[in-house]
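So the chains spell out like this:
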Amino acid sequence: MAKSAKFQLKNNTNVFIGTEVTMGTASVAGGALVELPATDFSFSELGAGGQTLSIAPFRVGGGLTQSDDMVRAQRHDRMYEISVTFMCTDAATKRVLLNLYEDGASGGLSSLLGSMPTTMLFEDGASNAIPVSLIFRDSAHDATSDMVFKSCMATSLTFSGDIGGNGGVVMCTAVFQTAYLPTGGTDLSYSSITAVSAQQTIFNMHDLVDTKVTPSGGSAEDLLMYNFEINIARPVTRIGFDSSSDFKPMGYSLGGYEVTGSLTVKRDAESISAIAENTSFALAINTKNDSSAIIYQLSAPTCLIDAASISFDDDGFKQVIPFRATYTGATTSKIFEFSGAAGDS
């Protein structure tokens, strides 16, 4: 057979999150899709990409070799991983947060509460709109077929902003996992898509109006911020397997959420006041438009500092403030909150 003249490119690919109805069944043609304004992505290889080999010990007494009965593919515990980096827009980010902690209302506030997640049971074949299909349009080798990873669950979402890089655009990196065998080779058609063209307002560091850090019992300090990172993570574990159906899982189990982050700000009297020993602070990062209306906001009401440090840079000392966000009081209290441009949702 002759060598193929076909090839695959990222630049020819559109990345979508598709809403599912039943766990284990990919998003259908009439399902709602949100396009991610992706700048990069990666995923496990199809087929054998999610498996490792299990090898039996050598026998004693001669015959120090291995037969195919002694080496088997580990299909029962495989997990495929997908990573997508995209520009932070309201619609795209909230669609990921809806999968991550079940609150992604368009045009409103998306909040991680101390009581989350709401849904704990993820069972194959059951009605469940939380798992999503990740669809890579026209990404197959023929440049027209799609690659689909069904019933994915987000394991983390990271916000990264740097006023000195990426044009100031705040980037999000979402990592997903699925225990279902991915597919590729079919040119699919979808009827309900929130396209990138409708997501016209992007979270940008150059639009920052304040970065407020309010120590517990103190007054708000408005800091000059150079860069930040906030990460929301939780593990997803597969349960069981069906050896008669591509070793698909019986379900998923979710682990606990951890919200961590770091701020790099100008070191001055305000930044020093913000990091008093053995105290927490409330964080609010805000951008505004030309009409002075708040567009994007990231907030965490209770942040505990984890070993602040100094960066001795030639353009001035900087304060590096790592933190862990928690809730205070009742489990209905907030740990993290995101809001964006409502008109783009």
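All values derive from a computational prediction rather than experimental measurement.

Chemist: Whenever I open this one, the pattern of salt bridges confuses me. Can you help?
Modeler: Two side chains of opposite charge can pair, provided their charged atoms sit close to one another. A complete count under the given rule lists nine salt bridges for this structure. The shortest N-O distance in the salt bridge between lysine 266 and aspartate 268 comes to 2.5 Å. Lysine 318 is the partner of aspartate 315 in a salt bridge, and the nearest nitrogen-oxygen pair spans 2.5 Å. Through salt bridges with shared partners, a single ionic network connects Asp313, Asp315 and Lys318.

Chemist: So what exactly am I meant to see when it comes to helix α1 (residues 90–101) here?
Modeler: Quick reminder: α-helices carry 3.6 residues per turn. Residues three or four places apart thus point the same way. Taking 1.5 Å as the rise per residue, α1 with twelve residues should run 16 Å; its terminal C-alpha atoms sit 16 Å apart, in good agreement. The buried count for α1 comes to eleven of twelve residues, which makes it a mostly enclosed element. At the N-terminal end of α1, a side-chain oxygen is found 3.4 Å from the backbone nitrogen of alanine 92, two or three residues along, and the residue is threonine 89. Within two residues after α1, glutamate 102 carries a phi angle of roughly 70°, on the positive side.

Chemist: Help me understand the side chain of aspartate 268 in this model?
Modeler: As for its placement among the helices and strands, aspartate 268 is situated in the loop between β19 (258–266) and α2 (269–274). Under the relative-accessibility criterion, aspartate 268 is labelled buried at 18%. A polar side-chain atom of aspartate 268 sits 2.9 Å from the main-chain amide nitrogen of serine 271.

Chemist: What exactly am I supposed to notice about the nonpolar core here?
Modeler: Considering soluble globular proteins, one finds that nonpolar side chains tend to be buried as a cluster. The biggest cluster of nonpolar side chains holds 56 residues, and the ones touching the most others in it are Phe159, Phe176, Phe228 and Leu263. The element contributing the most residues to this core is strand β10 (residues 146–162), with six residues. Every residue in contact with phenylalanine 176, bar those within four places of it in the chain, is listed here: Ile17, Tyr80, Glu81, Ile82, Val96, Asn99, Val132, Leu134, Cys152, Met153, Ala154 and Thr155. With nine residues, the next largest nonpolar core counts Ile130, Ala179, Tyr180 and Leu254 among its residues.

Chemist: Please clarify how unusual backbone geometry should be interpreted in this entry.
Modeler: Most peptide bonds take the trans configuration, and most residues that are not glycine carry a negative phi. The omega torsion across methionine 116 and proline 117 is 5°, close enough to zero to call that bond cis. By secondary structure assignment, the location of proline 117 is in the loop between β7 (110–113) and β8 (122–123). One non-glycine residue with positive phi stands out, namely phenylalanine 247, at about 55°. Along the chain, phenylalanine 247 falls in the loop between β17 (236–239) and β18 (251–254).

Chemist: I'm lost on the sheet that holds β17 in this one. Help?
Modeler: Sheet strands pair via backbone hydrogen bonds, and the direction of the pair is either parallel or antiparallel. Pairing in this open sheet of three strands is antiparallel, and the strands run β8-β18-β17 from one edge to the other. Edge strands, defined here as strands with exactly one partner in the open sheet, are β8 and β17.

Chemist: Would you take a moment to explain the packing of aromatic side chains for this structure?
Modeler: Here a ring pair, both rings aromatic, is described through the centre-centre distance and the interplanar angle of the planes. If you walk through the whole model with that rule in mind, you get 13 aromatic pairs. A ring pair is formed by phenylalanine 136 and phenylalanine 149, whose centres lie 6.0 Å apart and whose planes are at 80°; its orientation type is edge-to-face. Residue phenylalanine 136 is located in strand β9 (residues 132–137), and its partner phenylalanine 149 is located in strand β10; the two are separated by 13 residues in the primary sequence. This pair shows no difference in class: phenylalanine 136 is buried, exactly as phenylalanine 149 is. For the ring pair phenylalanine 312 and phenylalanine 317, a centre distance of 4.9 Å and an interplane angle of 80° mean the geometry is edge-to-face. Residue phenylalanine 312 is classed as exposed on the basis of its relative accessible area of 58%.

Chemist: Can you walk me through the pairing of strand β24 (residues 334–339) in this structure?
Modeler: Consecutive side chains along a regular strand alternate between the two faces of the sheet. Where burial is concerned, most of β24 is hidden: five out of the six residues are buried. Bridge count between β7 and β24: four bridges; the pairing is antiparallel. Of the residues in β24, the one forming a bridge with leucine 112 is phenylalanine 336. Where strand β21 (residues 294–305) and β24 come together, three bridges link them in antiparallel fashion. Residue pairing in the sheet places serine 299 in a bridge with glutamate 337 of β24.

Chemist: Explain the side chain of arginine 234 to me, please; I cannot follow it from the model alone.
Modeler: The topology assignment puts arginine 234 in the loop between β16 (225–233) and β17. Buried and without a salt bridge, arginine 234 has glutamate 102 as its closest oppositely charged side chain, separated by 6.6 Å. What arginine 234 contacts, discounting residues up to four positions off in sequence, is Asn99, Leu100, Met153, Ala154, Thr155, Leu254, Gly255, Gly256 and Tyr257.

Chemist: Mind showing me how you'd approach the environment of valine 236 here?
Modeler: Along the chain, valine 236 falls in strand β17. Given the relative accessible area of 7%, valine 236 is considered buried. Sequence-wise, valine 236 and glycine 164 are 72 residues apart; in three dimensions their C-alpha atoms are separated by 34 Å. When near neighbours in sequence (up to four residues on either side) are disregarded, valine 236 contacts Met79, Met153, Ala154, Thr155, Gln177, Tyr252, Ser253 and Leu254.

The rules behind these values
Residue numbers restart at each chain and count upward from 1, following the sequence in its written direction. Reporting in this predicted model follows two pLDDT cut-offs: at least 70 for local features of residues, and 80 or more for side-chain atom pairs to be given and counted; totals over whole chains, interfaces and linings ignore these cut-offs and use all residues. Computation of side-chain values: all heavy atoms of the structure, hydrogens and water removed. Whenever a carboxyl oxygen of Asp or Glu lies within 4 Å of a side-chain nitrogen of Lys or Arg, that contact is scored as a salt bridge. Helix and strand definitions follow DSSP, with helices as H or I runs of at least four residues and strands as E runs of at least two, each counted in order from the N terminus. What a helix is expected to span follows from its residue count: subtract one and scale by 1.5 Å. Exposed residues in this analysis have more than 50% of their type's maximum accessible area, buried residues have under 20%, and partly exposed residues fall in between, with area computed by a 1.4 Å probe over protein chains only. Here a polar contact is recorded for every N or O atom pair within 3.5 Å, except that within protein the pair must consist of a potential hydrogen donor and a potential acceptor, and residues adjacent in sequence are included only if both atoms are side-chain atoms. The set of buried Ala, Val, Leu, Ile, Met, Phe, Trp, Tyr and Cys residues whose side-chain atoms join them within 4.5 Å is what this entry labels a nonpolar core. Should any heavy atoms of two residues lie within 4.5 Å, those residues are considered in contact. A strand pair is defined by DSSP finding two or more bridges across the two strands. Aromatic contacts are taken between Phe, Tyr and Trp rings whose centres are within 6.5 Å, Trp giving its six-membered ring; a plane angle under 30 degrees counts as stacked, one over 60 as edge-to-face, and the others as tilted. Asp and Glu are treated as the negative residues and Lys and Arg as the positive ones, with His and the ends of the chain left uncounted.

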